[in-house]
Structure formats: structure tokens, C-alpha cells
Amino acid sequence: MKERYYPLSRYLKERFGRRVQRVTLYCGFSCPNRDGTISEGGCIYCVPETLLPAAYSSGMTITEQLNTGTRLLGRRYRADKFIAYFQINTNTYAPIERLEGLYREALRHPQVVALCISTRPDCIGPAVLELLARLKEEKHLWIELGLQSAHNRTLELINRGHSVEDFLKAVELTKAYGIEVCTHLILGLPRETKEDMLHTVRLVAELGLWGVKFHQLDVIRGTRLEALYREGFFKPLELEAYAECVVESLELLPPKTTIHRLCGSTPAEHLVAPLWSLDKERVRKRIEELLKERDTFQGRLWNKPERRQ
Ligand code: SF4
């Protein structure tokens, strides 16, 4: 039986006829929420270095990172096609000529079939979208926009430095250029109830976004979130509560929304809590079991087809 949800891996197989893996790229970009433009602290949970692949050394070019990533992941997953994933920090936060040079370098790699650009809702505008729309003519491409929560009080609490309205504007603009959007959501943010989280998912469902990435809230060593956690300001979700939230979120999403991730993964040396998140496979299995136990599936409660993209 097929999955009870629509994972990105299935979408990629349908589109490219084979397994396609993501290669994380680091371009040395900063983030306006960390460099003082918006704030200096960044989001209270963020440590970008935790995303950096261990095999990379400093100063590697995009081509060198792609050569390393495709060799290692190709061996591990028996894959020969890859997505160049501009993942670390804000990947549209640089002059347009520099962006074009880096994106094109990735596109030239013979094993790259798609580009994925991760950024903030307040860091995309007509110039970068016009560039991406041109590149999309050459290879498959999408944007990842962090939302995390559709509640401004939470965005303030976690110091995102943008509002829900900024996100809505960014989505509208990106869609106007014919570019697909995947959004990131965090489940278990401080002071949010399950109903708050499902409200966020309903908004994403109504926008008809192409993709969604779910993350549990991981407390990473050295962050302001760690201080709040140690003060007892909030408790991370238990695995069962997280799995329930993901299952109920999937029910609300359109069946065709691609699910890019069911949970995040923080390296053990950086993680403070919750420790269950170290076992990604266990989390995935529990979510799939719960879908089966409840005999439910992605889109079961989604009934507004006229709102699809
Ligand atoms: S916008 Fe992204 S890179 Fe910037 S501080 Fe927040 S999570 Fe970190």
C-alpha cells in the first residue's frame, strides 16, 4: 500500500523516475536576523552550524560541496540525481549577481536536477524572483519559506523578526512568478496549544502551498531557547503528542501537498531536548503507525478543492 501521506520522495520519483537526494549547500550567506539588520540574536532556537555536513571543510566551493555530497549520498542511498539545497542561513540575502553566480554553479553540476532555495519571507522581492523564474526554465526549482507559526505573538516570542502578514505577502509574490513554495512549520513552540498549531496548518492548507516541512521544537545547546527551557518556561512535546499533531496536521492538508519532512534532526552533540528526536526513524514509524491505527490519511479533513493553487 502507498503511504498515507504524500512524501517528497514519491513526488521526485514520479517526476524524475528515480530516487533523488538533497545535498545541503553552504554559501557563506548571513541572516538579517543575526547580523544586526533586524536583530543580532536570531531566532531563539537557531544554530545554523548544526546543519553543516561533517564532511565539508571551510572555504569549499559549491562545486566541491556538490562533489562531496553526491559521492557520499550517492553511495549511501544508491542515488545518482540530486537537489542542490541552499539550506544554511538566508539564501537570497546577497547581491543578485552573487546569487546568480552561485545558483548557476549548482545548476551546471551534471547530477543536479533541481534547486531548492531556503530563505526568509522578508528576503525575497521582484529581483530575486525574476532570477529564479528564469532559472526555473532550465531546471526544477522551488523556494522554502520559514513560517514556523501563524501566530504573531509566537513569532515575537521566538524572535523571528517577521510577521504572519510578511509571510502571506511573500507567498503571494512568489506564486505570481510561478514558483512553488514549501514552508517550514515548528510544532511544540512555547505557549502554543495543539489548536494553535492546527490553526497554523489550516492557514497553510488554505494557501494551497506546494510543500510543507514539519519540525519538532529541538532545544539546542547554547541558544536562548535552552535558557527558557532550563527556567521551566516550556516543556518540549513528548513523542506521542508530536506524532498526534503531525497526524492531525496531515489530515488538514490537501492530498497533493508534498510532505518534505515529518521531523527534523539535530546532531546529538548539540541537542538538549527532547531526546526522542535523535531517533528519526522511530518518529517516522510512530507517525505512520498512528495514521494506520486511526485509519486516516493526508487530506481526510481537507474539503476545499477550489482553494488549491
Ligand atoms: S531566519 Fe533562519 S537563519 Fe536566520 S536566525 Fe532565524 S532560523 Fe536562523
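Anything mentioned here points back to the structure above.
In what follows, the accompanying structure is described.

So, how was this worked out
- Residues numbered from 1 in each chain as written.
- Predicted model: local features only at pLDDT ≥ 70, side-chain atom pairs only at ≥ 80, totals over all residues.
- Heavy atoms only, no water.
- Core = buried A, V, L, I, M, F, W, Y, C linked by side-chain atoms within 4.5 Å.
- Buried < 20%, exposed > 50% of the residue type's maximum accessible area, 1.4 Å probe, protein only.
- Helix = DSSP H or I, 4+ residues; strand = E, 2+ residues; numbered from the N terminus.
- Contact = heavy atoms within 4.5 Å.
- Disulfide = S-S within 2.5 Å.
- Pairing = 2+ DSSP bridges.
- Right-handed = clockwise from strand over helix to strand, strands pointing away.

**Focus on the nonpolar core**
- With 67 residues, the main nonpolar core has Leu 25, Phe 86, Tyr 103, Leu 115, Phe 214, Tyr 242 and Ile 287 as its most contacted residues.
- Looking at this core element by element, the count peaks at 8 residues for helix α9 (residues 239-252).
- With sequence-adjacent residues up to four places away left out, Tyr 103 is seen in contact with Phe 86, Asn 91, Thr 92, Leu 115, Ile 117, Val 128, Leu 131, Leu 132 and Leu 135.
- One finds Ile 44, Leu 155, Ile 186 and Val 272 within the second-largest nonpolar core, a separate group that totals 15 residues.

**Notes on the state of the cysteines**
- The full count for this structure, using the stated rule, is 0 disulfides.
- In this structure Cys 123 is a free cysteine whose sulfur lies 6.8 Å from that of Cys 31, the closest cysteine sulfur available.
- Take Cys 123: its relative accessible area is 14%, and that puts it in the buried class.
- Among the cysteines around Cys 245, which has no disulfide bond, Cys 263 carries the closest sulfur, lying 14 Å off.
- By relative accessible area, Cys 245 is classed as buried at 3%.

**Points about the pairing of strand β5 (residues 180-187)**
- The element β5 is extensively covered by neighbouring structure, given that 7 of its 8 residues are classed as buried.
- With 6 bridges joining them, β5 and strand β6 (residues 211-216) adopt parallel strand pairing. Bridge pairing in β6 places Leu 185 opposite Phe 214.
- Between the parallel elements β5 and β6, the chain passes through helix α7 (residues 194-207) in a crossover that is right-handed.

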